[in-house]
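For reference, the chains in residue letters:
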Amino acid sequence: MKQEIGKKRIIIAIDGPAASGKSTTARRLARQLGYTYIDTGAMYRSVTLKALQKGVLEDVRRSPESVSALLDDITISFDGDLVFLDGRDVTAEIRDNRVSREVSFISSLKPVRERLREMQQELGRQRAVVMDGRDIGTVVFPDAELKIFLVAEPRERAKRRYAELLAKGGELPDIDLLEDEIKERDRADAEREHAPLKKHPEAVEIDTSELTIERQVEMVYNLALEIEKGSR
Ligand code: CDP
């Protein structure tokens, strides 16, 4: 979609807990606005996958500073919906449950956050981006013109994740277990020392438990249009 002349190019930061609908909302919104979508969770997942592939996870757990070696020559890039780690398409692999289980640990490490924050700020330099994650409105782009905080009941979020896994095929976890894992990840993300998950005071909170995807996208889209036009 073309960017209309005369409109402000803004940054839209969408934060919130796991499976609250951030990525679906962000992706559709970006398409409607003609903006670029950046999935920062995919970046943390990529670093986690790299640690698993290199077999260094236990070493990093013992001496967290050793994670820096993974970051020295890492490249993470996007091409539409595809995610590339060091030049290889890892779009499917980064959604593996074994990555989901370890990603909060890797994301809690300061060198990882610093490196990815720099990459994210560079990716958003031209503005006209929708970026989703945990700390986009609070740390990466505290000056984002529109900050959204999406929440939903844990059970509802577990059901969504379950439906996603069902659609993909393969092994299905127990839904109660899925809910426990989601709650555990929320706890780890909210309690960590560096850039914890929290709502920026200016962020608009939207509870998506009972909203359709269409409705939640529409709500954010309308807010974005008002800001682009300067009426908000
Ligand atoms: O899709 P889902 O909400 O399950 O997770 P994600 O957005 O792919 O993020 C995976 C994990 O990466 C989160 O649980 C956080 O631990 C971490 N993350 C983060 O720390 N900061 C971000 N900006 C994005 C993700």
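Quick look at the structure, then. Within each chain, residue numbers correspond to sequence positions counted from 1 in written order. Thresholds applied to this predicted model are a pLDDT of at least 70 for local features of residues and 80 or more for the giving and counting of side-chain atom pairs; totals over whole chains, interfaces and linings are not thresholded and use all residues. The basis for every side-chain value is the complete set of non-hydrogen atoms in the structure, without hydrogens or water.

**Thoughts on the sheet that holds strand β3 (residues 76-79)**
Short version of the rule: A pair of strands is labelled paired if DSSP reports no fewer than 2 bridges between them. Counting from the N terminus, the helices are the DSSP runs of H or I reaching at least four residues and the strands are the DSSP runs of E reaching at least two. Only heavy atoms enter the contact rule, under which two residues are in contact if any of them lie within 4.5 Å. Fitted lines through C-alpha atoms give the axes, limited to the stretch in contact for helices. The angle between two N-to-C directions lies from 0 to 180 degrees.
An order of β3-β4-β5 is seen for the three strands of this open sheet, with the pairing classed as antiparallel. Lying at the two open borders of the sheet, with one neighbouring strand each, are β3 and β5 (88-89). Both strand β4 (residues 82-85) and β5 contribute to a ladder of two bridges, which runs antiparallel. Residue pairing for β5: L85 is matched across the bridge by R88. Sheet contacts for helix α2 (residues 40-54): β3, β4 and β5; angle to β4, the most-contacted strand, approximately 40 degrees.

**Side note on the site of the ligand**
To keep things clear, this is the line we draw: A molecule or strand has a residue near it when one of that residue's heavy atoms lies within 4 Å. In protein, a polar contact requires one atom able to donate a hydrogen and another able to accept it; more generally it is a pair of N or O atoms within 3.5 Å, and residues adjacent in sequence count only if both atoms are side-chain atoms. Surface accessibility follows the Shrake-Rupley procedure with a 1.4 Å probe radius. Residue values consider only the protein chains on display as shielding.
Taken together, 20 residues sit near the ligand, with R45, R113, R161, R185 and D189 positioned nearest. Backbone polar atom of R134 to a nitrogen atom of the ligand: 3.1 Å apart, as the coordinates give it. Protein contact buries 97% of the 530 Å² of open area that the ligand shows by itself. Going through the elements one at a time, α2, α5 (97-107) and α9 (175-191) are the ones with two or more residues in the shell around the ligand.

**So, the nonpolar core**
Applicable threshold: The set of buried Ala, Val, Leu, Ile, Met, Phe, Trp, Tyr and Cys residues whose side-chain atoms join them within 4.5 Å is what this entry labels a nonpolar core. Buried, partly exposed and exposed residues are distinguished by accessible area as a fraction of the type maximum, computed with a 1.4 Å probe on protein chains only: under 20%, between the cut-offs, and over 50%, respectively.
Core analysis: the biggest nonpolar cluster contains 33 residues, and V47, I76, I106, V112, L116 and F141 have the highest contact counts within it. Per-element tally for this core: the top contributor is α2, with six residues. Setting aside residues up to four positions removed in sequence, F141 forms contacts with I11, Q120, Q121, G124, M131, I136 and K147. Judged by nonpolar contacts, the second largest core, of 20 residues, contains I12, A128, V130 and I148.

**Details of the environment of I175**
Relative to the elements of secondary structure, I175 occurs in helix α9. For I175, a relative accessible area of 22% gives the class partly exposed. Distance from I175 to R161, taken between C-alpha atoms, is 8.9 Å for residues 14 residues apart in sequence. When near neighbours in sequence (up to four residues on either side) are disregarded, I175 contacts R155, A158, K159 and Y162.

**Some points on the pattern of salt bridges**
Here is the rule: Within this document, salt bridges are pairs made up of a side-chain nitrogen of Lys or Arg and a carboxyl oxygen of Asp or Glu, the two lying within 4 Å of each other.
Throughout the structure, instances matching the rule amount to 28 salt bridges. Salt bridges linked by common partners bring R155, D176, E179 and K183 together as one network.

**Focus on the sheet that holds strand β7 (residues 146-151)**
Read across the sheet, five strands follow the order β2-β6-β1-β7-β8 without closing on themselves; strand pairing throughout is parallel. Two strands bound the open sheet, and with one partner strand each, they are β2 (36-39) and β8 (204-207). On average, each strand axis in the sheet is inclined to that of its neighbour by 20 degrees, with strand direction left out of account. Alignment of β2 against strand β6 (residues 129-133), held across four bridges, turns out to be parallel. Across the sheet, the residue bridging to I38 is M131, located in β6.

**Some remarks on the packing of aromatic side chains**
Where we set the bar: Pairing of aromatic rings covers Phe, Tyr and the six-membered ring of Trp, with a centre-to-centre limit of 6.5 Å; geometry is then stacked below 30 degrees between planes, edge-to-face above 60, and tilted otherwise. The rule for a charge over a ring is simple: NZ of Lys or CZ of Arg within 6 Å of the ring centre, and within 35 degrees of the ring normal.
With the rule as written, the count across this model stands at zero aromatic pairs. For R61, the ring lying beneath its charged end belongs to F105, and the centroid distance is 5.2 Å.

**Points about the packing of α2 against α5**
Test applied: Angle categories: roughly parallel below 35 degrees, roughly antiparallel above 145, roughly perpendicular from 65 to 115, and oblique for all the rest. Lys, Arg, Asp and Glu make up the charged group, whereas Ala, Val, Leu, Ile, Met, Phe, Trp, Tyr, Cys and Pro make up the nonpolar group; the residues left over, Gly among them, are polar.
Close contact between α2 and α5 brings their axes to 8 Å; oriented N to C, the two are set at 105 degrees. Classed by the angle they form, the pair α2 and α5 counts as roughly perpendicular. Side by side, α2 and α5 meet where Y44, R45, V47, T48, L49, A51 and L52 of the first sit next to R98, V99, S100, E102, V103, I106 and S107 of the second. Residue classes in the contact of α2 with α5 are distributed as eight nonpolar, three polar and three charged.

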